[in-house]
Amino acid sequence: MEIKNHTVVTEFILLGIPHTEGQEQVLFVVFLIFYLCTLLGNLLILVAVMSDSRLHTPMYFFLCNLSVLDIGFSSVSTHKMLVNLLVRNQVISLGGCMSQVFFYHFLGSTECLLYTVMAYDRFAAICHPLRYTIIMNRRVCTLLAAGTWFTSSFHATILTTLTFQLPYCGSNVVDYFFCDIFPVVKLACGNTLIIETVSFTNIGLVPMTCFLLILASYIRIVIAILKMHSAEGRRKAASTCVSHLSVVTLFFGPCALIYTQPSLSEVLVTPVQIFGNVVTPMLNPTIYTLRNKDVKGALKTIMNRCFSGHIPQTSRLENFGIELEHMRKYMSMYITQLFLNFPMINFEVKRFLKVPL
């Protein structure tokens, strides 16, 4: 009987985006522009909400959570993809691959749950307007937001642990542009039945549950809108839901195609995944600002304060510095909340990242 010597895998090679030979520089510029627009758009929303007291409401609190998630979610795979396109450095360490799997599913699951919470917020605002401030008080909003982060950390920890407990002792070539569970598990030289079953169950169960809850919320919302006697009231109520419905469609569309269609052509899987990872986080701020007079007004006020010709240059710089300081404090608050209130995440990430990145 032939005995094979296996080397334990300590790094992976990402093949990148297929069928792009000779187009790397063009794709690098396009994806870099998308990524920079994602950062700029979401940071502007954060600054606008923090700087305008009129936007200190539950809807905009959740919108700020969404902006933080969009920045993180697009950063999980985009950085490495840009490096691969620019310098053809396709190697990623085992620790780096673990991080991509963990944070991709952690942030993706959090975003999925957050859309459900935002749908409930719209339901409370339209179906129970007189009790809205009581139902969605500050404590409830904080618990709902924190619950999405905590639940998703548990979900991602299970998936990442099961994925990298498997032995990897054969090929280390990942036929994808970033580390995701199914492309990585294909390389395992052990029994993958458990992780495949758990992954299909978890990844299918979370979005499906969220989708059904969102659908139930909007059925109640539609019924409430149809019962309104004022045409103007119906128009205003419907307009507050259009932005949320748009981003929900952009989020669940790629998820449904990728995880419910295993036979989907490889030519289609990668573009759909790139759209969800790179394009959707860029479109979300645009969707919320184009149809939202309050956000546009807050952004216009910031621009006027920072760049108005009637303000001396030093004052403009000071105002811009104040906005940046607000943004820094907001980000610090979320990072502190995440890693101090959820010690399990901190423990698991540190344990995984003992492998050099």
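A brief look at the structure comes next. Keep in mind the model is a prediction, meaning the values are calculated, not measured.

Let's talk about empty space enclosed by the protein
As enumerated under the stated definition, the model contains 2 cavities of 30 Å³ or more in all. In this structure, the largest cavity spans a volume of roughly 60 Å³. Taken together, Met-59, Met-118, Asp-121, Arg-122, Thr-240, His-244 and Tyr-288 make up the full set of residues lining the largest cavity. Of all the secondary-structure elements, those providing two or more residues to the lining of the largest cavity are helix H3 (94-127) and helix H8 (231-260). The class makeup of the residues in the lining of the largest cavity is 3 nonpolar, 2 polar and 2 charged.

Focus on the state of the cysteines
Two cysteines, two sulfur atoms, one covalent bond between them: this is a disulfide. This model, assessed by the stated rule, comprises 2 disulfides. In this model Cys-169 forms its disulfide with Cys-189; the gap between the sulfur atoms is 2.0 Å. Handedness of the Cys-169-Cys-189 disulfide follows from its S-S torsion of about 130°: it is right-handed. With Cys-169 in the loop between helix H5 (138-164) and strand E3 (173-174) and Cys-189 in the loop between helix H6 (181-185) and helix H7 (193-226), the pair connects residues that are 20 residues apart, well separated along the chain. By relative accessible area, which is 16% here, Cys-169 ends up buried. Here the cysteine-cysteine linkages of the chain are recorded as 1-3, 2-4, numbering only bonded cysteines and doing so in sequence order.

Side note on the pairing of strand E1 (residues 11-14)
Of the two faces of E1, the one holding Phe-12 and Leu-14 is buried and the one holding Glu-11 and Ile-13 is not buried anywhere. Bridge count between E1 and strand E2 (residues 91-93): 3 bridges; the pairing is antiparallel. Pairing of Phe-12 across the sheet is with Ile-92, part of E2. Relative to E3, E1 runs parallel, the two being bridged by 2 bridges. When the sheet's bridge partners are listed, Leu-14 is paired in E3 with Val-174.

Structural notes on the packing of H3 against H7
Closest axis-to-axis distance for the H3/H7 pair is 9 Å, and the angle between their directions is 15°. The orientation of H3 relative to H7 falls into the category roughly parallel. Helix-helix and strand crossings are classified by hand; for H3 and H7 the assignment is left-handed. In this structure, H3 contributes His-105, Ser-109, Cys-112, Leu-113, Tyr-115, Thr-116, Ala-119, Tyr-120, Arg-122, Phe-123, Ile-126 and Cys-127 to the contact, and H7 contributes Ile-203, Val-206, Pro-207, Cys-210, Leu-213, Ile-214, Ser-217, Tyr-218, Arg-220, Ile-221, Ala-224 and Ile-225. In terms of residue class, the contact of H3 with H7 is built from 18 nonpolar, 4 polar and 2 charged.

Rules used throughout
- Residues numbered from 1 in each chain as written.
- Predicted model: local features only at pLDDT ≥ 70, side-chain atom pairs only at ≥ 80, totals over all residues.
- Heavy atoms only, no water.
- 1 Å grid on protein atoms, 1.4 Å probe; cavity = no way out; pocket = protein on both sides within 12 Å on 5 of 7 lines; lining within 4 Å.
- Points joined across faces, edges and corners; volume = space filled by probe spheres on them.
- Helix = DSSP H or I, 4+ residues; strand = E, 2+ residues; numbered from the N terminus.
- Nonpolar A, V, L, I, M, F, W, Y, C, P; charged D, E, K, R; others polar.
- Disulfide = S-S within 2.5 Å.
- Buried < 20%, exposed > 50% of the residue type's maximum accessible area, 1.4 Å probe, protein only.
- Pairing = 2+ DSSP bridges.
- Axes fitted to C-alpha atoms, helices over the stretch in contact; angles between N-to-C directions.
- Parallel < 35°, antiparallel > 145°, perpendicular 65-115°, else oblique.
- Left-handed = near helix turned anticlockwise from the far one by under 90°.
- Contact = heavy atoms within 4.5 Å.

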